[in-house]
Amino acid sequence: MAEEKKRELRMVMFPWLAYGRIGPFIELAKNLARHGLKIIFVSTPLNIKRIKQQVLDAPGIDLMELAMPSVEGLPTGVESSTDCVKREHTPLLLSLLPVALDLFEKPFEALLEQLSPDFMMYDVLRYWVRRVASKLPNPIPAILCHVQYMFGFGRGVCGVFVEAHEAASVPCWITHA
């Protein structure tokens, strides 16, 4: 009898649009990929462009772009909180990011239908993710993960060790600041 081929588990990761969130998700993705999970990392085109170098040496991680939705008052090229603080009217721009994020619901649902992952991990401010995950033809578990928990959980388990001075400085994975 032929040996049955074991299918690798696939996880979609969709962090909040801020490098304080994206960076730790990338580090977690690398660790999970090293342990055999196939990671599909979803973000906007500009964010994917910024993190591409960080995963070149990480087999098992695919980067997938979802176009940044157009929101009145949110200029082209603003795809993360970092982009907001480099401009005038920072509080207004920061308030528009969650509005744009809500507009990801339908494209994200279509992406999940196409990919049919085994589970997904997402970050704050996406009240609609669980609803989308549960109404798919094959519902998938959606894991809400706050970055603070990732750092705590990562100690010793995923190899992420953060000292106080590291938490108070620009992380090594942010090269564009």
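Look a little higher up for the structure.
In this text, all values refer to a predicted model and were calculated from it rather than measured experimentally. (Residues numbered from 1 in each chain as written. Predicted model: local features only at pLDDT ≥ 70, side-chain atom pairs only at ≥ 80, totals over all residues. Heavy atoms only, no water.)

### Details of the nonpolar core
So, step 1. One finds Val-12, Val-42, Leu-74, Phe-104, Phe-108, Leu-112 and Met-120 to be the most contacted residues of the largest nonpolar core, which totals 33 residues.
So, step 2. When contributions to this core are tallied by element, the ones reaching two or more residues are strand S1 (10–14), strand S2 (38–43), helix H4 (90–102), helix H5 (105–115), strand S4 (119–122) and helix H6 (129–134).
So, step 3. Here this core gets 5 residues from one element, more than from any other, and that element is H4.
So, step 4. Aside from chain neighbours lying at most four places away, what touches Leu-74 is Met-68, Leu-93, Leu-96, Leu-97 and Ala-100. (Core = buried A, V, L, I, M, F, W, Y, C linked by side-chain atoms within 4.5 Å. Buried < 20%, exposed > 50% of the residue type's maximum accessible area, 1.4 Å probe, protein only. Helix = DSSP H or I, 4+ residues; strand = E, 2+ residues; numbered from the N terminus. Contact = heavy atoms within 4.5 Å.)

### Let's talk about the pairing of strand S3 (residues 61–65)
So, step 1. Of the strand pairs in this sheet, S2 and S3 are connected by 5 bridges, and their pairing is parallel. Following the sheet pairing, Ile-40 is matched in S3 by Asp-62.
So, step 2. At this point the chain moves from S2, through helix H2 (residues 45–51), to the parallel S3, and the crossover so formed is right-handed. (Pairing = 2+ DSSP bridges. Right-handed = clockwise from strand over helix to strand, strands pointing away.)

### Here's the deal with the sheet that holds S4
Backbone hydrogen bonds are what pair the strands of a sheet, in a parallel or an antiparallel way.
So, step 1. With parallel pairing, the 5 strands of this open sheet are ordered in space as S3-S2-S1-S4-S5. Only two strands of the sheet have a single partner each, and these edge strands are S3 and strand S5 (142–144). Put simply, the sheet's adjacent strands are angled 20° from each other on average, direction ignored.
So, step 2. Here S4 pairs with S5 via 3 bridges, running parallel. By the bridge assignment for S5, Met-121 is matched with Ile-143.
So, step 3. Of the strands in this sheet, S1, S2, S3 and S4 touch helix H1 (residues 19–34), which is tilted by about 165° from S2. (Axes fitted to C-alpha atoms, helices over the stretch in contact; angles between N-to-C directions.)

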